[in-house]
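What follows is each chain in one-letter form.
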2 protein chains.
Amino acid sequence: MKFYDCSTAPSPRRVRMFLAEKGINVPTIQVNLREGEQFSEAFRAINPDMTVPVLELDNGVRITDAVAICLYFEEIQPEPRLMGRNAEDKAIITAWQRQMERDGFYAVMEAFRNATPGLKNRALPGPDNYEQIPALAERGRMRLQRFFTRLDQRLAQSAFVAGPNFSIADITAFISVDFARWVKITPAEEHRHLRNWYDAIALRPSTKA
Amino acid sequence: MKFYDCSTAPSPRRVRMFLAEKGINVPTIQVNLREGEQFSEAFRAINPDMTVPVLELDNGVRITDAVAICLYFEEIQPEPRLMGRNAEDKAIITAWQRQMERDGFYAVMEAFRNATPGLKNRALPGPDNYEQIPALAERGRMRLQRFFTRLDQRLAQSAFVAGPNFSIADITAFISVDFARWVKITPAEEHRHLRNWYDAIALRPSTKA
């Protein structure tokens, strides 16, 4: 098995944190996104979508999506459970994970990629070039403020994002909060529940993976 | 169990088609999105996110996301399998489902919501109002053309989106192709593999659900 990673990028970090929680080690190859290694012919042959993470199985099959890679490891090593134990749990965690991704992770991505001078024409990851849309960067910032407010409300009622147990939804939310620093947005002083949750998660060794 | 649906909307259709493939019937309540019933106080109490689909379980738990609802039914009634049989299959299908959603379904949503006169200030679903961004509508249309081209290439090599078997990835892709008609974009004559696949799927009774 081989894991194509980039140690500075938030997307593959989702998988690294997931694997660290399970205590799984996978031989890792770094892809230098800052130097554009994802656009090289060698990497395009590995993932035509030109993104990391990628997991290559021993039979040569490649899985090119962070959540799909997490599911693979959840299936081959269920404990500790990060994606739910039964139908109801799995559905609830999936719904929260997707909400954190959509309202948090993707909002940062919109804010970041549409406003960063070094990413001109790279407003979306992947093989195609798209011009930056300044109004979309602005909208991403607005969405992010609301994301923090709602996440704070949720964590006032629940120990973790998807319920009483730590799950992949916390991983996505935590990494989104860190990623938001890239656009200089952090939880407000008043987001007390969010800040307490963040500080508690930050103590987990998996956040350093 | 109760299923909150809207018979004209593409998001809950993903669940309807999934359930029809499995032969599952769930008591259904229609939410009239065209008349803004999702913004009513009654529906906000059911889903503060003001979207359909919603699945309400007998214990009162509500699942408010199309893919999470599909996963729930896959778990309680695995056959016929639509989300994979083993770790590798599940990961591959998840990756393809997410790619179809991101590059297809969400691209139509961008093109549609950012350009439709009746959706002023409703550029995103959910509780918050966001102004339309014309450049984003335009980008959605460009993405959609590329989505069709790549889907055609994929279907030149594979009977179904995620491999040799029909899966949730086909459901997402098929509904995205139908949804694209809302912005008057259809597969080109030269997208022969895509068109053949579409015509074959269209014969499945689940497409009428």
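Read on for an overview of the structure. (Residues numbered from 1 in each chain as written. Chains lettered and ligands numbered in written order. Predicted model: local features only at pLDDT ≥ 70, side-chain atom pairs only at ≥ 80, totals over all residues. Heavy atoms only, no water.)

**Describing the overall build of chain A**
Here's step 1: For chain A, the helix and strand inventory stands at seven helices and four strands.
Here's step 2: Element order for chain A, N to C, with α for helix and β for strand: β-α-β-α-β-β-α-α-α-α-α.
Here's step 3: At 17 Å, chain A has a C-alpha radius of gyration in line with the 17 Å of a compact globule built from 209 residues.
Here's step 4: In chain A, which comprises 209 residues, the proportion classed as buried is 58%.
Here's step 5: Contacts spanning at least 24 positions in sequence make up 62% of the contacts within chain A whose residues lie at least 6 apart.
Here's step 6: Carbon and sulfur atoms form 50% of the exposed surface of chain A, whose accessible area is close to 9400 Å².
Here's step 7: Distance from the positive charge centre (28 side chains) to the negative charge centre (26 side chains) of chain A: 3 Å. (Helix = DSSP H or I, 4+ residues; strand = E, 2+ residues; numbered from the N terminus. Rg over C-alpha atoms; globule rule 2.2 N^0.38 Å. Buried < 20%, exposed > 50% of the residue type's maximum accessible area, 1.4 Å probe, protein only. Contact = heavy atoms within 4.5 Å. Areas by Shrake-Rupley, 256 points an atom, 1.4 Å probe, with all protein chains shown as cover. Lys, Arg positive; Asp, Glu negative; His and termini not counted. Charge placed at Lys NZ, Arg CZ, Asp CG, Glu CD.)

**A look at the environment of Val108(A)**
All names here are of chain A.
Here's step 1: Inspection of the secondary structure assignment puts Val 108 in helix H4 (residues 87-113).
Here's step 2: When the C-alpha positions of Val 108 and Asp 178 are compared, they lie 9.8 Å apart, and in sequence the two are 70 residues distant.
Here's step 3: In contact with Val 108, other than residues within four places in its own chain, are Leu 144, Ser 176, Phe 179, Ala 180 and Val 183.

**Some points on the relation of the copies chain B and chain A**
Here's step 1: The transform that puts chain B on chain A rotates by 180° and translates by 0.0 Å along the axis, for an RMSD of 0.0 Å. With respect to symmetry, the two chain copies, as superposed, fit the operation of a two-fold axis. Across chain B, the rotation axis passes nearest the C-alpha of Leu136(B), at a separation of 3.9 Å.
Here's step 2: Comparing interface residues between copies, 100% of those in chain B also lie at the interface in chain A; the contact surface is shared. (Least-squares fit on C-alpha atoms with pLDDT ≥ 70 in both.)

**With respect to the packing of helix H5 (residues 134-157) of chain B against helix H7 (residues 192-202) of chain B**
Residue and element names in this part refer to chain B.
Here's step 1: Where H5 contacts H7, the two axes come as close as 7 Å, and the packing angle between them is 75°. Of the possible angle classes, the one that applies to H5 and H7 is roughly perpendicular. Across from Phe 148, Leu 151, Asp 152, Leu 155 and Ala 156 in H5, the residues of H7 making contact are Arg 192, His 193, Leu 194 and Trp 197.
Here's step 2: Tallied by class, the residues present in the contact of H5 with H7 amount to six nonpolar, one polar and two charged. (Axes fitted to C-alpha atoms, helices over the stretch in contact; angles between N-to-C directions. Parallel < 35°, antiparallel > 145°, perpendicular 65-115°, else oblique. Nonpolar A, V, L, I, M, F, W, Y, C, P; charged D, E, K, R; others polar.)

**Comments concerning the pattern of salt bridges**
Here's step 1: For the structure on display, the rule yields 42 salt bridges over all chains.
Here's step 2: Two residues, Lys90(B) and Glu75(A), come together in a salt bridge whose shortest N-O distance is 3.3 Å. One end of the pair, Lys90(B), is in helix H4 (residues 87-113); the other, Glu75(A), is in helix H3 (residues 66-76), on a second chain.
Here's step 3: Note on Lys90(B): relative accessible area 14%, which makes it buried.
Here's step 4: In the salt-bridge network here, residues are joined through shared partners; they are Asp49(A), Arg102(B), Asp103(B), Glu110(B), Arg139(B) and Arg143(B). (Salt bridge = Lys/Arg side-chain N within 4 Å of Asp/Glu carboxyl O.)

**Focus on the interface of chain B and chain A**
Here's step 1: Counting residues at the interface gives 40 residues for chain B and 40 residues for chain A.
Here's step 2: Of the roughly 3500 Å² buried between chain B and chain A on both sides combined, carbon and sulfur atoms contribute 57%.
Here's step 3: Of all residues in chain B, the largest losses of buried area upon contact with chain A belong to Arg98(B), Tyr130(B) and Arg139(B), amounting jointly to 19% of the total for that side.
Here's step 4: Counting the contacts that link chain B with chain A gives 12 salt bridges.
Here's step 5: Note that Asp49(B) and Arg102(A) form a salt bridge whose closest N and O atoms lie 3.6 Å from each other.
Here's step 6: Joining chain B to chain A, the criterion identifies 12 residue pairs in polar contact (both at pLDDT 80 or more).
Here's step 7: Of all the secondary structure elements, the ones that give two or more residues to the side of chain B that touches chain A are helix H3 (66-76), H4 and H5 of chain B.
Here's step 8: In terms of residues, the side of chain B that touches chain A owes the most to one element, H4(B), which gives 12 residues. (Buried area = accessible area lost by both parts, 1.4 Å probe. Polar contact = N/O pair within 3.5 Å; in protein donor to acceptor, adjacent residues only side chain to side chain.)

**Let's talk about the sheet that holds strand S3 (residues 54-56) of chain A**
By way of backbone hydrogen bonds, the strands of a sheet pair with one another, either parallel or antiparallel.
Residues and elements named next belong to chain A.
Here's step 1: Taken in spatial order, the four strands make up an open sheet running S2-S1-S3-S4, and their pairing is mixed. Here the strands that pair on one side only, and so sit at the sheet edges, are strand S2 (28-30) and strand S4 (62-63).
Here's step 2: Pairing of strand S1 (residues 2-5) with S2, which is carried by three bridges, proceeds in the parallel orientation. What sits directly across from Asp 5, in S2, is Gln 30.
Here's step 3: Against the sheet, H3 makes contact with S1, S3 and S4, and its axis sits at roughly 40° relative to S3, the strand it touches most. (Pairing = 2+ DSSP bridges.)

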